[in-house]
Amino acid sequence: MSLAPSPLSPLTELQTTRYGLFIDNQQVEPADGAYLDVLNPATGRVWAQVPDASLADVDRAVASARAAFEGEWADWRAADRAAFLIRFGQAIADHADEIAQLQVDENGKLIREMAGQARLMPEYFNYYAGLAQMPTGHTNPLHLKQMLNYTVREPLGVVAAITPWNSPLLLLVWKLGPALAAGCTVIAKPSEITPVSTIRIAELAAECGLPPGVFNVVTGYGQPSGTALTTHPGVDKIAFTGSTATGQAIAAAAGRSLKSLSLELGGKSPNIVFEDADLTSAVNGLIAGIFGASGQTCMAGSRILVQRSVYDRVVEELAERAERITVGDPQDDRSEMGTIACRPQYDKVLHYIDVAKGEGARLVAGGTPATVDGFEGGLFLRPTVFADVRNDMQIAQEEVFGPIAAVIPFEDEDDAVRIANDTQFGLAAGVWTGNVQRAHRVAGKLRAGTVWINNYRKTGYNTPFGGYKQSGVGRENGPDALREYTEEKSVWVDMGQGVKDPFNPRA
Ligand code: NAD
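This is a predicted model, so every value here is computed, not measured.

The rules behind each value
- Residues numbered from 1 in each chain as written.
- Predicted model: local features only at pLDDT ≥ 70, side-chain atom pairs only at ≥ 80, totals over all residues.
- Heavy atoms only, no water.
- Axes fitted to C-alpha atoms, helices over the stretch in contact; angles between N-to-C directions.
- Helix = DSSP H or I, 4+ residues; strand = E, 2+ residues; numbered from the N terminus.
- Parallel < 35°, antiparallel > 145°, perpendicular 65-115°, else oblique.
- Left-handed = near helix turned anticlockwise from the far one by under 90°.
- Contact = heavy atoms within 4.5 Å.
- Nonpolar A, V, L, I, M, F, W, Y, C, P; charged D, E, K, R; others polar.
- Expected span 1.5 Å × (residues − 1).
- Buried < 20%, exposed > 50% of the residue type's maximum accessible area, 1.4 Å probe, protein only.
- 1 Å grid on protein atoms, 1.4 Å probe; cavity = no way out; pocket = protein on both sides within 12 Å on 5 of 7 lines; lining within 4 Å.
- Points joined across faces, edges and corners; volume = space filled by probe spheres on them.
- Pairing = 2+ DSSP bridges.
- Near = heavy atom within 4 Å.
- Polar contact = N/O pair within 3.5 Å; in protein donor to acceptor, adjacent residues only side chain to side chain.
- Domains from an automatic or database assignment.
- Buried area = accessible area lost by both parts, 1.4 Å probe.
- Core = buried A, V, L, I, M, F, W, Y, C linked by side-chain atoms within 4.5 Å.

**Digging into the packing of helix H5 (residues 111–132) against helix H6 (residues 168–182)**
Piece 1. Put simply, H5 and H6 touch, their axes get as near as 9 Å, and they point 15 degrees apart. The angle between H5 and H6 places the two elements in the roughly parallel class. For the element pair H5 and H6, the recorded crossing hand is right-handed. For the pair H5 and H6, the contacting residues are Gln117, Met121, Tyr124, Phe125, Tyr128 and Ala132 in the first and Leu169, Leu170, Val173, Trp174, Leu176, Gly177, Pro178 and Ala181 in the second.
Piece 2. Here the contact of H5 with H6 is composed, by residue class, of twelve nonpolar, two polar and no charged.

Next comes the structure, spelled out in structure tokens:
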């Protein structure tokens, strides 16, 4: 059977392709026939349409996922789920180029970054395939005689996986791997900016033998599609990645029906350079930390803290390096930075450049749109560096989610830790130093879910990722992520003589 995408209809006149909701292993039309446009941010061209799902569509997807949860899927052994995950990973590997390409068309990130992520995804599935067959419970020693107690972990139920546009598939895979390994069913709600790639991998899952309804996709905006999922009584868990503001709204909505919740939210991560660091390596790490993915990563090292004694030198090198970055066609391997993913985000980043100037930060690189020959409609920006930022400025406190570095001087270790922790966020941090004691001392004091020492922006399936403070609730990846998709049941067994009459124990 062909694995080519099966769009509902090619709209040849506009050269766009219309996709459907993905429910019960097939693309279906939305109940009210409403669609939204998908734009390529490098060309400005509409290249696809997907349903703008209504409440009726969400009801249909939830009913399908519930039926699947209680149907054939419930009979699959852990070994069967593991074998599926390995097959699915292989299918993704076989289609890595196509999957990478779709995401570049959606969000304008570099093909080499998207291709790298696509190649990594099978490893996530392989990892959770292994964990799917690990023991899930305990036998618990009791304070009572002749009683046995054991625990089992059971799949939590129907999971709504709501994802952002910056790494549409990798962040979905972080949820799909453990959810399917645990035996849950999943309804993915990708960002309205990047929906097509998610439909595509749902097709691949179906081709790999996943029963209908185990992995559905509902496309649409936060309102009404997203809220329909977060308030739906048939959804047991919400696994969300996105902005802190949306996460707060989702937590409030989910609270009303007490759904299980994991939230991976925003950041304003400090990347801290001490005077004893290898400055060549540090500057490379600072550049990668903020300009990788055009700064559109939750873990962007957007606050660069530099010790006063090396401050001028680091600022000068950063500015010079930022100006040298090649902004260009995301499909071109020579490009070092692609586009901003969508017009509202582009306008937001430009707004923050004005805010930073107004606050008195010193612009030392970039600060304007970039022009790329042949891509006049593209959302390109120059890598931008602001020096002499104070930590109480908006540019240091609010997440921009774009290629804007805010450089802040500090005096000593205590000062660095104080500034680093003076934020509502707590997602990640970097520490650059040649002093091993200092490295661990500072890592221990930083209120962040991930700390990199003499490196930046590394993640993996085998170690937890998540935020302190307003950067999130719960952790993804690593062995414990599987628990986030299970309920724990305690089972009591009487191994004695049975139960006596409680009101007449001698009888
Ligand atoms: P967003 O919060 O605007 O949207 C994320 C998703 O939520 C989209 O699918 C959107 O349609 C949906 N949504 C919006 N409003 C909703 C509502 N009221 N109810 C339910 N769903 C709703 O985020 P974005 O702009 O797509 O992505 C950028 C943000 O994501 C940044 O803040 C970034 O830091 C964060 N992010 C976090 C991580 C992490 O792991 N911590 C990773 C990547 C991105």
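**Brief notes about helix H12 (residues 343–359)**
Piece 1. Taking 1.5 Å as the rise per residue, H12 with 17 residues should run 24 Å; its terminal C-alpha atoms sit 24 Å apart, in good agreement.
Piece 2. Among the residues making up H12, those that are buried are Gln345, Tyr346, Val349, Tyr352, Ile353, Val355 and Ala356.
Piece 3. Summarising the contacts, the buried residues of H12 are in contact with strand E16 (384–387), helix H13 (394–397) and strand E17 (404–410).
Piece 4. Looking one or two places after H12, you find Gly360, whose phi comes out positive at around 95 degrees.

**Quick notes on the layout of surface pockets**
Piece 1. In this model, the second largest pocket occupies a volume close to 490 Å³.
Piece 2. In terms of lining, the second largest pocket is formed by 22 residues, of which the most central are Pro135, Thr136, Arg153, Leu482 and Thr486.
Piece 3. Put simply, the parts of the chain that give the lining of the second largest pocket at least two residues each are helix H2 (72–75), H5, strand E7 (147–155), H6 and strand E21 (486–494).
Piece 4. Within the lining of the second largest pocket, the residues separate by chemical class into twelve nonpolar, five polar and five charged.

**Overview of the sheet that holds strand E15 (residues 362–365)**
Piece 1. Reading across from one edge, E15-E16-E17-E14-E13-E18-E19 is the order of the seven strands in this open sheet, with mixed pairing throughout. With partners counted over all chains shown, the strands left at the sheet margins are E15 and strand E19 (450–453), one partner each. Each strand axis lies, on average, 25 degrees off the axis of its neighbour in the sheet, ignoring direction.
Piece 2. Direction of pairing for E15 relative to E16: antiparallel, over a ladder of three bridges. Among the inter-strand pairings, Arg362 is bridged to a residue of E16, identified as Ala387.
Piece 3. On the sheet, helix H15 (residues 436–445) packs against strand E14 (303–307), strand E18 (428–432) and E19 and is oriented at approximately 165 degrees with respect to E19.

**Structural notes on the site of the ligand**
Piece 1. Close to the ligand lie 29 residues, the nearest being Lys189, Glu192, Thr246, Leu265 and Glu399.
Piece 2. Gly222 is positioned such that a nitrogen or oxygen atom in its backbone is 3.4 Å from an oxygen atom of the ligand.
Piece 3. Take Ser243: an N or O atom from its side chain is 2.8 Å from an oxygen atom of the ligand.
Piece 4. Elements with a minimum of two residues in the shell around the ligand: helix H8 (222–230), strand E11 (237–241) and helix H9 (244–256).
Piece 5. Among the elements that line the shell around the ligand, the one with the most residues is H8, at four residues.
Piece 6. Here the residues of the shell around the ligand sort into 13 nonpolar, twelve polar and four charged.

**A short note on the domain arrangement of the protein chain**
Piece 1. The assigned domain composition of the protein chain is domain 1 (58–265 + 471–490) and domain 2 (270–453).
Piece 2. One C-alpha centre belongs to domain 1, the other to domain 2; they are set 31 Å apart.
Piece 3. Every contact between the two is made by 18 residues of domain 1 and, on the other side, 22 residues of domain 2.
Piece 4. Where domain 1 abuts domain 2, roughly 1,600 Å² becomes buried across the two surfaces, and 54% of that area is made up of carbon and sulfur atoms.
Piece 5. The interface formed by domain 1 and domain 2 contains eight residue pairs in polar contact (both at pLDDT 80 or more).
Piece 6. Elements represented by at least two residues in the side of domain 1 that touches domain 2 include exactly helix H4 (96–107) and H5.

**Digging into unusual backbone geometry**
Piece 1. Here the amide bond leading from Gln223 into Pro224 is cis, since omega sits at 0 degrees, within 30 degrees of zero.
Piece 2. If you trace the backbone, Pro224 turns up in helix H8.
Piece 3. A positive phi is found at Asn25, a non-glycine position, where the angle reads about 65 degrees.
Piece 4. Along the chain, Asn25 turns up in the loop between strand E3 (21–23) and strand E4 (26–28).
Piece 5. Relative accessible area serves as the criterion here: at 23%, Asn25 is assigned to the partly exposed category.
Piece 6. Of note, Phe401 is a non-glycine position whose phi angle comes to about 65 degrees, a positive value.

**As for the nonpolar core**
Generally speaking, soluble globular proteins have nonpolar side chains that are buried together.
Piece 1. By size, the foremost hydrophobic cluster in this structure holds 101 residues, and its most contacted members are Phe84, Phe88, Leu176, Leu180, Ile201, Phe215 and Phe291.
Piece 2. If you tally residues by element for this core, the top one is H6, at eleven residues.
Piece 3. Each of domain 1 (58–265 + 471–490) and domain 2 (270–453) contributes no fewer than three residues to this core.
Piece 4. If near-sequence neighbours (up to four positions away) are discounted, Phe215 is found in contact with Phe22, Phe88, Leu172, Leu176, Val186, Ala188, Thr198, Ile201, Ala202, Ala205 and Leu210.
Piece 5. Counting residues in hydrophobic clusters, the runner-up holds 32 residues, among them Ile340, Ile353, Val442 and Leu446.

**Regarding the environment of Tyr311**
Piece 1. Examined against the element boundaries, Tyr311 turns out to sit in helix H11 (residues 308–324).
Piece 2. Classification of Tyr311 by relative accessible area gives buried; the value is 4%.
Piece 3. Each C-alpha atom of the pair Tyr311 and Glu275 lies 8.6 Å from the other, and the pair is 36 residues apart in sequence.
Piece 4. When near neighbours in sequence (up to four residues on either side) are disregarded, Tyr311 contacts Val306, Ala387, Asp388, Val407, Ile408 and Pro409.
Piece 5. Separated by 2.7 Å, the side chain of Tyr311 and the backbone nitrogen of Asp388 make a polar contact.

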